[in-house]
Amino acid sequence: MSMDKIPNSDSGKKMNRLNGSLAMKPPGSEGSGLIGRRIGIAAVWLFLLIAALFTLFPIYMALLNSVKTQGDMLTNILAWPAVPELGNYADAFQKTRYLRSLGNTFVVVAVGLTGIVWFSSMAGYKLSRTPGKLSGFLFGLFIMSTLIPFHSIMITLVTISKELRLQGSTAGLGLLYIGLGVAMAIFLYHGFVKSVPKELDEAALIDGCGEFRLFFTVILPLLMPITATIAILNTLWMWNDFLLPLLVLTDYKSYTLLLSTNMLFGEYNNDWSAILASLVLAMLPVIILYLALQKYILHGIAEGAIKA
Amino acid sequence: MKRAFCLLLALTMVLTLVSACSSGNKGNEPKPSPSQTAGSGVSEAPKKVELKVFMTFPRFKDQFEQYFDQFKEKQLAEKNIDVTIQLEMPNADQAKQILQSRLSSGDAPDLFTLHANDIPTYYEAGYIADLTGQPFVGKLYEAVAETVKYDGKVAALPMESLSWGYLYNKTLFRDNGITPPQTLDEMKAAAEKLQAAGVKPFLLAFQESWIPQLMMALSLGGTVSASHPDWIEGMNAGEASYADVRSVFDIIDLIMANGSDKPFETGNEAGSADFANGKAAMWVQGPWNAETILKVNPDMEFGVAPLPVSNEASDTMINLATSTSLALSPKSANKEVALDLLNYMLDDKDSSALFEELKFNPIATVHTYEVFPWVNEASEYVSKGKAYLDLKLPNGVTDEAAKQLQSYYVKDATQEDVIAALDKVWRTAVKSK
Amino acid sequence: MTSRVWKKHAMLLVFVLPALVFYAAFTLAPAFGGMWYSLTDWNGLNPSYGFVGLSNYAEAMGDRYFLKSLWFTVKFVLFMLVLQNLLAILLAVLVESLGRGKVWFRTIFFMPNMLSLIIGGFMWMFIFTRVFPYLAEKTGWMLLDQSWIGDPRYSFFAILALSLWGGVGYLMVIYIAALQGVPKPLKEAAAIDGAGAFHIFRHVTLPMIYPALTIGVFLTLNNSFKVFDSVYALTGGGPGRTTQVIAINIYEEAFSFSNRYGYASAKAMILFGIVLIITIIQLAIMKRREVRA
């Protein structure tokens, strides 16, 4: 419901202004142009509909067959069952320890996100405001790592997390994410802070406010737009990350949703009804979040990519 | 004043940071075991104990859960201990890796299964406890007990003791007038006959790499035991090569050429279902799968026969092995309860029913159920001396063979590639000892 | 004066320290640690290990499976580079040309991007192993009836399809953002001049989205070289090692039974080197063209 409303607000309007300007407008007389244009638009719709079908097909099939028995699935994989079989969901819910896994995922993301936003906003702000060699060096140090592939550091990272006894704990995994995520976030904050007028800092400082209060009461609220972007990007990353949790969370009681789903897939290899139900359950939180916040998410994604 | 406030703020922040770090560090330090904290003295409240059990039997999850429930009742009644059991059963291909990372990170489950061939490595690494003198040891058949001994000590409780070869569908064999072939040529003829009758000779279920690996286990086992007795020693000394036993590929080629379609989309369960439904006449798979097969088709008649590896009928032998065994972690915080559970696996009263239900071979004197027909069939070969003990290969060789056979099937690896890769991993394993 | 400078630096450090501590522990230390381990024969468990110089690197260069995974990855990257950007631009342009329905399409195309490719991979596995054979049987369209997961010739395309499914939406959003930055008067002027849609696209729109193209190519290169999830979920790198990408090869070397951390670290450093070189080259080229355009 919110889906078709939100995007029609300002960004939607902006797009509407551009609307049509890119549509096929073949050269030639007005009359044939109109027909050509119609055909063009029809072709565009057709193409997009096919592409949309392709995109939604796996999700639809998963949903469809998750409410069937194995037998129904074999007779007709495309049809809706006469009686929806919801037992698959009860099964999957229990086998993936759904609530517990969901809770674990929340803990990881909450710890990671809090740390990333808190620490990198401070660092990004100060690095941007302080000129000098030290500042430049530190900033360079952070930026340096953004090119390093995760696989190049994962082996030693796992060893370190073992040494620090972070292995096996969801909060520990969150802490690892802080260390992995701050660099990019600092970069984004660093750029954004430049658009915040310096006069604000000075005025506040003259008022006798100290650095920390200035930052937390005046600056941080002004960074809200980029904080939102950073929050979205990092939440998506941590929520959907598979390899690091796989390596760090050794005990299935601390498994994230994704790991539990993967585990179920391994254990019940042939039982597609339960697997598909668990996939739908795993998708559910993300899809809900997406449909509710899709305008902000799409904006955040574009923003993050273009700035970075 | 303001300055003081800000200082305070800064201080708290640093403190939270430090405490966040250190709490992260301390979070996982071994907690006092429940047995030390709870229920000391008070006679009424049952002591609470939690056990972590790691097993590679996803297909038997229900049976084991039920068996553990019986154990819980027993403990509560006899010792006033309230046991919770965290049972974890990953699939066979992932299990070793998961277990390995648990053990090396000091997060060992109290009890876990491992392949009997891995006992030396695990024992040397200090991952498994000495079980000599436990009540279950006296119940084991002598021959079975030998397979789980290392350095004179009993290192694990054997769960599966096997005499195995390949499985065949007795009905399909009878209908086509075939008896289990004893030589390579006979096998070839049988396959042709089956093909001509429109029956797929071999079922291939290669999705899980341990299943194609069984072909190598049998053909290498047969070949080495029959005609290359010094080969393993030679390999360990770096003087032999898989090229010396190249004939192991003869039977593998024959099976692959006469196998069912889309093997990589068929896992163990799907394969069992296909075999039970007569989609193919033979399957290189052990009788440990009996329960899974008979669950799909209880009337299925299958037999166990030795896999021919050459044209000498005497080379065609049954493989004797102890595969999955249950071990105790020396680091277990609740060793007593864990040992009770371990011994309960061979309980005088309950064990027989469990092993019968799982369709395992009897391994101890407490197993009084009637022996399954396929076991008798294999035993006949054994009594004629047509049997050998499963080869003990160094760590990692079996896993590599599993990958290589998958590649070999899709023609991504030639015989030469497979030989080179297996030689290499053997060398690496010997070197790292 | 000096005390003010000192204070400023102290403040800077206080603000940066928390981030720096975590960053140093979990990014810098592993990076340098990895470089060190790549020169040793550490097996991940044994407390003692020896320095072996560059022999791990030499071994990797002669490691058939590592080189194969490298080649497989390069092939994958090339396909992704072209297909993903082409599709994303096409979708962006077409979606932007719509009036009503634009929001719907954008929402749909981006949706797979919200999901983990592990989840997506399992869903596609179902499509490939269950739905396609069924469709082939019913429609007689035998093209669908392949061993999509088990035959390396086809599983390459299965992996590609999954990756495109999960990745195109992301780039599309970026291209849409770029398209919205193209000033309308420019296009109108071109249209009045009698330029066709294609001409407008080629000479007005394309140059304007060039910066976005740089981003798109950069992201595709970076992500495709590191591909792991989609391969892990669909084929696990198999059958055998036929669909192994670099990331899976490293993972297997380090965390499967052999546990050769030192050797795996060397492979990981090689991956880093490749990504670094390619990124530098690519950025240099694109930046130069951008300026000219």
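Predicted, not measured: the structure shown is a model, and the values here were computed from it. (Residues numbered from 1 in each chain as written. Chains lettered and ligands numbered in written order. Predicted model: local features only at pLDDT ≥ 70, side-chain atom pairs only at ≥ 80, totals over all residues. Heavy atoms only, no water.)

**Side note on the interface of chain C and chain B**
At the junction of the two partners, chain C supplies 30 residues and chain B supplies 27 residues. Taken together, the two surfaces of chain C and chain B that pack against each other cover about 2,300 Å², and 53% of this comes from carbon and sulfur. Summed over the shared surface of chain C and chain B, the number is 11 residue pairs in polar contact (both at pLDDT 80 or more). Elements with a minimum of two residues in the side of chain C that touches chain B: α1 (2-37), α3 (64-97), α5 (117-139) and α11 (246-255) of chain C. Looking at the side of chain C that touches chain B, its residues break down into 14 nonpolar, 9 polar and 7 charged. (Contact = heavy atoms within 4.5 Å. Buried area = accessible area lost by both parts, 1.4 Å probe. Polar contact = N/O pair within 3.5 Å; in protein donor to acceptor, adjacent residues only side chain to side chain. Helix = DSSP H or I, 4+ residues; strand = E, 2+ residues; numbered from the N terminus. Nonpolar A, V, L, I, M, F, W, Y, C, P; charged D, E, K, R; others polar.)

**Topic: the UniProt feature "transmembrane region" (unreviewed entry) in chain C**
Residues and elements named next belong to chain C. According to UniProt, the positions carrying the feature "transmembrane region" (unreviewed entry) are residues 12-37, 70-95, 115-136, 156-179, 200-221 and 261-285. Split by type, residues 115-136 is 91% helix and 0% strand. Its first and last C-alpha atoms lie 28 Å apart. Helix and strand shares over residues 156-179 are 100% and 0% respectively, and the end C-alpha atoms of the span are 32 Å apart. (UniProt positions renumbered as here; feature names shortened; annotations may be inferred.)

**Describing the pairing of strand β12 (residues 318-322) of chain B**
Residue and element names in this part refer to chain B. Among the 5 residues of β12, 4 are classified as buried, and the element is accordingly described as predominantly covered. With 4 bridges joining them, strand β7 (residues 161-164) and β12 adopt antiparallel strand pairing. Looking across to β12, one finds that Leu162 is bridged to Ala321. (Buried < 20%, exposed > 50% of the residue type's maximum accessible area, 1.4 Å probe, protein only. Pairing = 2+ DSSP bridges.)

**So, the environment of A:Gln167**
All names here are of chain A. Position of Gln167 among the secondary structure elements: in the loop between α8 (150-163) and α9 (170-193). Among the residues examined, Gln167 registers a relative accessible area of 8% and is labelled buried. For the pair Gln167 and Leu249, spaced 82 residues apart in the sequence, the C-alpha separation amounts to 6.1 Å. Within polar-contact distance, the side chain of Gln167 engages the backbone oxygen of Leu247 at 3.2 Å.

**Topic: a nonpolar patch on the surface**
A cluster of nonpolar side chains, A:Phe47, C:Phe79, C:Val82, C:Leu83, C:Leu86, C:Leu87, C:Leu90 and C:Phe157, forms an exposed patch at the surface whose accessible area comes to about 660 Å². At 6 residues, the largest contribution of residues to the nonpolar patch is made by α3(C). Turning to its location among the elements, A:Phe47 is positioned in helix α3 (residues 30-65). (Patch = residues over 30% accessible without salt bridge, like charges linked within 9 Å, V, L, I, M, F, W, Y side chains within 5 Å. Areas by Shrake-Rupley, 256 points an atom, 1.4 Å probe, with all protein chains shown as cover. Salt bridge = Lys/Arg side-chain N within 4 Å of Asp/Glu carboxyl O.)

**Quick look at the sheet that holds β12(B)**
Residue and element names in this part refer to chain B. The 3 strands are arranged β7-β12-β14 in an open sheet whose pairing can be described as mixed. At either margin of the open sheet sits one strand with a lone partner, and together these are β7 and β14 (387-389). If you compare each strand with its neighbour and ignore which way they point, the axes differ by 20° on average. Here helix α10 (residues 210-227) sits on the sheet and contacts β7, β12 and β14; the angle it forms with β14, its principal contact strand, is near 105°. (Axes fitted to C-alpha atoms, helices over the stretch in contact; angles between N-to-C directions.)

**Some thoughts on unusual backbone geometry**
Residue and element names in this part refer to chain B. Residues other than glycine seldom take positive phi values, yet Lys359 does so here, at roughly 60°. You can call Lys359 partly exposed: its relative accessible area is 22%. Of note, Lys411 is a non-glycine position whose phi angle comes to about 60°, a positive value. Following the sequence through the fold, Lys411 ends up in the loop between α18 (397-409) and α19 (415-431). The class for Lys411 is exposed, based on a relative accessible area of 73%.

**A closer look at the packing of aromatic side chains**
Counted by the stated rule, this structure contains 62 aromatic pairs over all chains. With a centroid separation of 3.8 Å and an interplanar angle of 10°, the aromatic rings of A:Phe265 and C:Phe122 are classed as stacked. Taken together, the positions of A:Phe265 in helix α14 (residues 257-267) and C:Phe122 in helix α5 put the pair across two chains. With centroids separated by 4.7 Å and ring planes inclined at 25°, the aromatic side chains of B:Phe302 and B:Trp374 adopt a geometry described as stacked. You can see B:Phe302 sitting in strand β11 (residues 302-305) and its partner B:Trp374 sitting in helix α17 (residues 373-383), a full 72 residues away along the chain. Per residue, the accessibility class of B:Phe302 equals that of B:Trp374, and both read buried. A connected cluster of aromatic rings, assembled from ring pairs, spans A:Phe54, C:Trp124, C:Phe128, C:Phe132, C:Trp148, C:Tyr154 and C:Trp165. Over the ring of C:Phe15 we find A:Lys126, and its NZ or CZ is 5.0 Å from the ring centre. The aromatic ring of A:Tyr296 is capped on one face by A:Lys295, whose charged end is 5.2 Å from the ring centroid. (Phe/Tyr/Trp six-rings, centres within 6.5 Å; stacked < 30°, edge-to-face > 60°. Lys NZ or Arg CZ within 6 Å of the ring centre and 35° of its normal.)

**Some thoughts on the side chain of A:Thr170**
Residue and element names in this part refer to chain A. In this fold, Thr170 is placed in helix α9. When its relative accessible area of 12% is taken as the criterion, Thr170 is described as buried. Ignoring sequence-local partners within four residues, the contact set of Thr170 consists of Asn104, Val107, Val108, Leu249 and Ser254.

**What about the interface of chain A and chain C?**
Of the residues lining the interface, 105 residues belong to chain A; the matching set on chain C comes to 100 residues. Summed over both sides, the interface between chain A and chain C buries roughly 9,700 Å², with carbon and sulfur atoms accounting for 81% of that surface. The interface formed by chain A and chain C includes 0 salt bridges. Our count for the contact surface shared by chain A and chain C stands at 12 residue pairs in polar contact (both at pLDDT 80 or more). Residues belonging to the side of chain A that touches chain C are distributed by class as follows: 79 nonpolar, 21 polar and 5 charged.

**A look at the domain arrangement of chain A**
Looking at chain A, the domain boundaries give domain 1 (23-56) and domain 2 (97-307). On a C-alpha basis, the centroid separation for the pair domain 1 of chain A and domain 2 of chain A is 41 Å. (Domains from an automatic or database assignment.)

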